[in-house]
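# Structure at a glance
Residue-level listing of the chains:
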Amino acid sequence: MDNIDYSTTTIAVIGLGYVGLPLAVEFGKHRKVIGFDINKTRIQELSNGHDRTQEVDKEELKNAKHLSFTMENKNLKDAQIFIITVPTPVDEFKKPNLTPLIKASETVGAVLKQNDIVIYESTVYPGVTEEICVPILEQISKLKFNTDFYCGYSPERINPGDKVHTLTKIKKVTSGSNPEIAKHINSLYGEIIEAGTHIAPSIKVAEAAKVIENAQRDINIAFVNELALIFDRMGIDTNDVLDAACTKWNFLNFRPGLVGGHCIGVDPYYLTHKAEALGYHPQVILSGRRINDNMGTFVANQVVKLLVKKGHAVRNAKALILGITFKENCPDIRNSRSIDVINELKGFGIDIHVYDPYADPKEVYDEYGIQLENDYGSGYDLIVLTVSHQPFDKINLESLKRGKDTVIFDVKNYLKRDLITSRL
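Residues numbered from 1 in each chain as written. Predicted model: local features only at pLDDT ≥ 70, side-chain atom pairs only at ≥ 80, totals over all residues. Heavy atoms only, no water.

### Thoughts on the environment of Gly323
- Assignment of secondary structure puts Gly323 in the loop between strand 9 (318-322) and helix 12 (338-347).
- Expressed as a C-alpha distance, the spacing of Gly323 and Phe392, which sit 69 residues apart in the sequence, is 9.2 Å. (Helix = DSSP H or I, 4+ residues; strand = E, 2+ residues; numbered from the N terminus.)

### Here's the deal with unusual backbone geometry
- The backbone of Gln54 sits at a positive phi, close to 65°, despite the residue not being glycine.
- Among the secondary structure elements, Gln54 is positioned in the loop between helix 2 (40-47) and helix 3 (58-63).
- Of note, Asn115 is a non-glycine position whose phi angle comes to about 75°, a positive value.
- In this fold, Asn115 is placed in the loop between helix 4 (99-109) and strand 5 (117-120).
- We classify Asn115 as buried; its relative accessible area is 16%. (Buried < 20%, exposed > 50% of the residue type's maximum accessible area, 1.4 Å probe, protein only.)

### Quick notes on the pairing of strand 10 (residues 351-355)
- Counting buried positions over the five residues of strand 10 gives four, a clear majority of the element.
- Pairing between strand 9 and strand 10: five bridges, direction parallel. Bridge assignment links Ala319 to a residue of strand 10, and that residue is Ile352.
- Taken together, strand 9, helix 12 and strand 10 constitute a β-α-β crossover, and its handedness is right-handed. (Pairing = 2+ DSSP bridges. Right-handed = clockwise from strand over helix to strand, strands pointing away.)

### Observations concerning a nonpolar patch on the surface
- Among the surface-exposed residues, Ile230, Met234 and Ile236 lie close enough to one another that they form a single nonpolar patch of about 270 Å² accessible area.
- By the secondary structure assignment, Ile236 is in the loop between helix 7 (203-234) and helix 8 (238-245). (Patch = residues over 30% accessible without salt bridge, like charges linked within 9 Å, V, L, I, M, F, W, Y side chains within 5 Å. Areas by Shrake-Rupley, 256 points an atom, 1.4 Å probe, with all protein chains shown as cover. Salt bridge = Lys/Arg side-chain N within 4 Å of Asp/Glu carboxyl O.)

Quick look at the structure:
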């Protein structure tokens, strides 16, 4: 290991989604990178210069002159550094689904060589890298961990759709399976990360740091969501309260809303899973999750009440849902909580129409069985804005209404207040 110059070696990035592609592109501007994904369509699109996630534009892909794409395992043999960035979702019982991570480890294990380094970026609970992934690498490669090959963990901090806080501008936490490897990995990321790096003392510490980042945010949002439930009973507008409170310099200005996505709505379950395995039942974290998971039902019930107050027949009322991605200005539909509102309203017999200028219609249909509208349409008894996409800023709400009693509910506090009926 002492004689290896990792600064000139080939990198393989396993998984080319929201996390892996920007990473592969940045490294690909400086050194040889193999971008690997099992999705044939994804590989074809990227090879043609198109990124459907909209995280990387065509010019950036073109500038990554040392980056190539493949779905062939054999093409990974030339790499000496492997960075695994596959998804880590939860199953229907809110338990960690490590299948993509295990499969990726098997793929890398089959091509692993002496002195190679495997770095994991996928969000996991503390211990996954060394207790689950490393044994797979050892078993398949027949190599010995920390003698023949090495590992590291550097949690991803990608914020999908954010064109300001991009990969290179977010400080990177790094770690390695021994102090020397930690330095090599830190130097590796230092090649592309302008914001700097932080070396964690161990892989487990780095894993823990990642999983609590989103758990903390989840809890903060759960607090204001609970305030929304309380203030609704008092007849007080929650956002008015928050506007007043945030005039204090140290007030944390979180806002109520639907909490989904592949991070905030998922990561807390990884931490609680590990805690429960150790005999500790988390209370604050799971309480926050329950509150946030039920906000879609609360929103649906609120708009149904408003329909009744306006004199509408709830059954067969025509409704427009604005937005189905998990966040604004982003095509990512994974774990979108807009679907909770939609399904609840469908349960009341409401005729649902969904419009989202960012979401891919085929992905939405395959994932949720919903046929997206091609345009806004018109003649709605109910309009619910669930995602604050930028194009919605210029929407002509009057043209969408059936009449003056149309209910307009703003989940995101995004539309002008004098144009809406109510908000979360």
